[in-house]
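Spelled out from the first residue to the last, the chains are:
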Amino acid sequence: MARRISMATRSELVEAIVERYRSGSRSDKRLILDEFVAVTGYHRKHAIRVLRQRASKIPGNKRHSLRYGGDVREALVVLWEASERLCSKRLRR
């Protein structure tokens, strides 16, 4: 029975292998992938996705800017109430 490694160790392994995998030829990638699957216990397709991941994203503010000001929002609430709280699916038509 194969011994699995911890998640922290897996992420370190990914960091160590990902550049070699990206720059390798097709045959190199196959060998790297075989070893990676054997060590991590990942399913082959999942391992491909993990190794093909894009460079780490810079964490940013996920908050979206507001489209409308408070006055527009208040007017929309009044219209929504006047329509007896019509749902968006019906408003679309």
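A quick note: this is a predicted structure, and the numbers were derived from the prediction, not measured.

1. Re the pattern of salt bridges
Within the structure shown, the criterion is met by three salt bridges. As a salt-bridge pair, R22 and E19 come within 3.3 Å of each other at their nearest N and O atoms. Here R22 and its partner E19 are both found in helix α1 (residues 7-23), three residues apart, which amounts to about one turn of the helix. We note a salt bridge from R44 to D34, for which the minimum N-O separation is 2.6 Å. Within this pair, whereas R44 is found in helix α3 (residues 44-51), its partner D34 is found in helix α2 (residues 26-40), the two being separated by ten residues in sequence. Judged by its relative accessible area of 35%, R44 falls in the partly exposed class.

2. Examining a nonpolar patch on the surface
Residues Y68, V72, L76 and L79 make up a contiguous nonpolar surface patch of about 400 Å² in total accessible area. With respect to the helices and strands, the residue V72 is situated in helix α4 (residues 70-82).

3. As for the packing of aromatic side chains
Under the defined criterion, the tally for this structure stands at one aromatic pair. The ring of Y21 is capped by K29, whose NZ or CZ atom sits 5.4 Å from the centre of that ring.

4. Points about the packing of α2 against α3
Running from N to C, α2 and α3 cross one another at 115°; their axes reach a closest spacing of 10 Å. By the criterion of interaxial angle, the relationship of α2 to α3 is roughly perpendicular. Note that α2 runs across α3; the crossing there is right-handed. For the pair formed by α2 and α3, the contact residues are R30, L33, D34, F36 and V37 on the first element and R44, A47, I48, V50 and L51 on the second. Within the contact of α2 with α3, the residues separate by chemical class into seven nonpolar, no polar and three charged.

Scoring rules and cut-offs
- Residues numbered from 1 in each chain as written.
- Predicted model: local features only at pLDDT ≥ 70, side-chain atom pairs only at ≥ 80, totals over all residues.
- Heavy atoms only, no water.
- Salt bridge = Lys/Arg side-chain N within 4 Å of Asp/Glu carboxyl O.
- Helix = DSSP H or I, 4+ residues; strand = E, 2+ residues; numbered from the N terminus.
- Buried < 20%, exposed > 50% of the residue type's maximum accessible area, 1.4 Å probe, protein only.
- Patch = residues over 30% accessible without salt bridge, like charges linked within 9 Å, V, L, I, M, F, W, Y side chains within 5 Å.
- Areas by Shrake-Rupley, 256 points an atom, 1.4 Å probe, with all protein chains shown as cover.
- Phe/Tyr/Trp six-rings, centres within 6.5 Å; stacked < 30°, edge-to-face > 60°.
- Lys NZ or Arg CZ within 6 Å of the ring centre and 35° of its normal.
- Axes fitted to C-alpha atoms, helices over the stretch in contact; angles between N-to-C directions.
- Parallel < 35°, antiparallel > 145°, perpendicular 65-115°, else oblique.
- Left-handed = near helix turned anticlockwise from the far one by under 90°.
- Contact = heavy atoms within 4.5 Å.
- Nonpolar A, V, L, I, M, F, W, Y, C, P; charged D, E, K, R; others polar.

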